[in-house]
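Structural features, examined
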Amino acid sequence: MVDHERRPLAVAILAAGKGKRMGNPDKAKVLAPLHDRPLLAYVLDQARVLDPSHVVVIVGHQRDAVRNFVAGHDPSAVCVVQSEQLGTGHAVQQTRTELGDKDVDVLILSGDVPLLTAETLEAFLQDHRTAEADISVLTTTVSDPTGYGRIVRDADGNLRSIVEHKDASEAQRAIGEINSGIYIVRSADLFPALDLVRNGNVQGEYYLTDIIGILQADGKRVHAFHTSNWEELHGINTMDDLQRAADMLTLRDTTA
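So, a few notes on the structure that sits alongside this text. (Residues numbered from 1 in each chain as written. Predicted model: local features only at pLDDT ≥ 70, side-chain atom pairs only at ≥ 80, totals over all residues. Heavy atoms only, no water.)

Points about the pairing of strand β11 (residues 222–226)
With four of its five residues buried, β11 lies for the most part within the structure. Relative to β11, strand β7 (residues 135–141) is paired through five bridges, and the arrangement is parallel. Note that in β11 the partner of leucine 138 across the bridge is phenylalanine 225. (Buried < 20%, exposed > 50% of the residue type's maximum accessible area, 1.4 Å probe, protein only. Helix = DSSP H or I, 4+ residues; strand = E, 2+ residues; numbered from the N terminus. Pairing = 2+ DSSP bridges.)

With respect to unusual backbone geometry
Even without glycine at this site, aspartate 36 takes up a positive phi of about 70°. Relative to the helices and strands, aspartate 36 resides in the loop between β2 (33–34) and β3 (37–38). Residue aspartate 36 is classed as exposed on the basis of its relative accessible area of 77%. Its identity is not glycine, yet glutamate 132 carries a phi of approximately 50°, on the positive side. Counting through the fold element by element, glutamate 132 comes out in the loop between α5 (118–130) and β7.

Thoughts on the side chain of serine 187
Within the element layout of this structure, serine 187 appears in helix α7 (residues 187–195). Residue contacts for serine 187: discarding those within four places in its chain leaves Leu99, Lys102, Asp103, Val104, Val106 and Pro192. (Contact = heavy atoms within 4.5 Å.)

Description of the packing of α7 against helix α8 (residues 210–217)
Where α7 contacts α8, the two axes come as close as 9 Å, and the packing angle between them is 105°. Classed by the angle they form, the pair α7 and α8 counts as roughly perpendicular. Only Ile211, Ile214 and Leu215 of α8 make contact with α7, whose side of the interface consists of Asp189, Leu190, Ala193 and Leu194. Of the residues that constitute the contact of α7 with α8, the class distribution is six nonpolar, no polar and one charged. (Axes fitted to C-alpha atoms, helices over the stretch in contact; angles between N-to-C directions. Parallel < 35°, antiparallel > 145°, perpendicular 65-115°, else oblique. Nonpolar A, V, L, I, M, F, W, Y, C, P; charged D, E, K, R; others polar.)

Looking at the packing of helix α1 (residues 39–49) against helix α2 (residues 63–73)
With their axes 11 Å apart at the nearest point, α1 and α2 run at an angle of 45° to one another. Comparing their axes, α2 and α1 come out oblique. Pair α1 / α2 crosses with right-handed handedness. Of the residues in α2, those in contact with Leu40, Ala41, Leu44 and Asp45 of α1 are Val66, Phe69, Val70 and His73. Classifying every residue of the contact of α1 with α2 by side-chain character gives six nonpolar, one polar and one charged. (Left-handed = near helix turned anticlockwise from the far one by under 90°.)

A short note on α8
All of the buried residues in α8 are Ile211, Ile212, Ile214 and Leu215. Two residues or fewer past α8, glycine 219 is found with a positive phi of approximately 80°.

Purely geometric numbers; function is a separate question.
Structure below.
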């Protein structure tokens, strides 16, 4: 049995995307301002609350601008480059140079999900350790799950698979529980699983979600932690999403 309590925590932040629907092709999506702070600032601050041993930011689009921001905001964080946008699985592969030889739990965060609180992340981490899971995914339930990967559970409520929206059947698209894109997985399991991910899907991308099935097939303990705080998992893909996040943040600040 692995002592999860003693294994260090590392954080990998996905920050390479172009943000095609953000209306500004010259600015990386993670640098879009939310209450006058880049989205990535919120995510870097989320990571630091957990006192990780490593913070690795995966950069790509406008990489120099993102790298310069990271250097100024969190000088101890390290940036790695995803030179081609080949999917989230491919993005996380780029952290191998920094984390591949470490025995750490890797918390994978999205640079465009700025509203997560320390309380939710700490509860997620504690649940992962209590469940003695090899990989955990953070989920929530939303009224309109369009565009998100769906959480498919078995009859006992255990995580069976995650199906991307574009690959989902009509029945699967009716599921309201979604994948937040946030995971905790042991590095010793993460990188061998990523090596087995293939891009035979509608998008032709290497999905990070595929490691769930790969690790299950290898007999690993796969776990899902559901949070009712769906607002915290609001991702930014459009200017409307950004405005909605600004409204949520304003409400949070006024009710705190």
